[in-house]
Amino acid sequence: MIKFFRKIRQRLLTENKFSKYLLYAIGEIVLVVIGILIALQLNNLNEIEKVKDTEVNYLNALHDEFASNLKEVERVMKLNEKNLKIAHTLLSKMGTDNPDLNEKEFDSLLIA
């Protein structure tokens, strides 16, 4: 293909057809520029795809982290509810004039 274009250039120059050679040269430059623009566009599309893949990976990681955090929050809430019940039991038994709470019950409430 390069030999073909080279022969055309040489023929135009030897025949002293400078205006036709100039048009040919401009056409060749335009073809090269179009080729470069196409290559750049393809490169941009590939980069956009990479960015989208990275974005999807980040979003999946965030989703997994949020699910894990939700489970942890639910676990802590259950623990806090249990501790609140124990505290209410202790307060109700200690708030009376005759506390019917012995040491063994007190320990079992704290350990539970």
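Here we look at the overall build of the protein
Here is step 1 of the chain: Counting its secondary structure elements, the protein contains three helices and zero strands.
Here is step 2 of the chain: Taken from the N to the C terminus, the helices and strands of the protein come in the order α-α-α.
Here is step 3 of the chain: The proportion of buried residues among the 112 residues of the protein is 7%.
Here is step 4 of the chain: Within the structure as shown, the protein displays about 10100 Å² of accessible surface, and the carbon and sulfur contribution to it stands at 64%.

Quick notes on the pattern of salt bridges
Here is step 1 of the chain: Evaluated as defined, the whole model comprises two salt bridges.
Here is step 2 of the chain: A salt bridge links lysine 50 to glutamate 47, with the shortest nitrogen-to-oxygen separation between them at 3.8 Å. Of this pair, lysine 50 and glutamate 47 both sit in helix H2 (residues 18–94), three residues apart, which is roughly one turn of that helix.
Here is step 3 of the chain: Classification of lysine 50 by relative accessible area gives exposed; the value is 51%.

Some thoughts on a nonpolar patch on the surface
Here is step 1 of the chain: A grouping of Phe18, Leu22, Ile26, Val30, Ile34, Ile38, Leu42, Leu45 and Ile48 is seen on the molecular surface, where their side chains present a nonpolar patch of about 830 Å² in accessible area.
Here is step 2 of the chain: The residue isoleucine 26 is located in helix H2 in this model.
Here is step 3 of the chain: Relative accessible area serves as the criterion here: at 47%, isoleucine 26 is assigned to the partly exposed category.

What to know about the confidence of the model for the protein
Here is step 1 of the chain: Of the residues in the protein, 79% have a pLDDT of 70 or more, and the chain-wide mean is 84.
Here is step 2 of the chain: Averaged over each element, pLDDT in the protein is lowest for helix H3 (residues 103–111) (68) and highest for H2 (91).

Thresholds applied
Sequence order as written defines residue numbering, which begins from 1 separately in each chain. pLDDT decides what is reported in this predicted model: residues at 70 or higher carry local features, side-chain atom pairs at 80 or more are listed and counted, and totals for whole chains, interfaces and linings draw on all residues regardless. Side-chain figures throughout are based on the complete set of non-hydrogen atoms in the structure, without hydrogens or water. Every helix listed is a DSSP run of H or I at least four residues long, and every strand listed is a run of E at least two residues long, numbered separately from the N terminus. Exposed residues in this analysis have more than 50% of their type's maximum accessible area, buried residues have under 20%, and partly exposed residues fall in between, with area computed by a 1.4 Å probe over protein chains only. Method for areas: the Shrake-Rupley scheme with a 1.4 Å probe, in which residue coverage is limited to the protein chains shown. Take a side-chain nitrogen of Lys or Arg and a carboxyl oxygen of Asp or Glu: if they are within 4 Å of each other, that pair is a salt bridge. Patch members must show over 30% relative accessible area and no salt bridge, and they are joined within 9 Å when carrying like charges or within 5 Å when they are nonpolar side chains of Val, Leu, Ile, Met, Phe, Trp or Tyr. Per-residue confidence from the predictor is reported as pLDDT, which spans 0 to 100.

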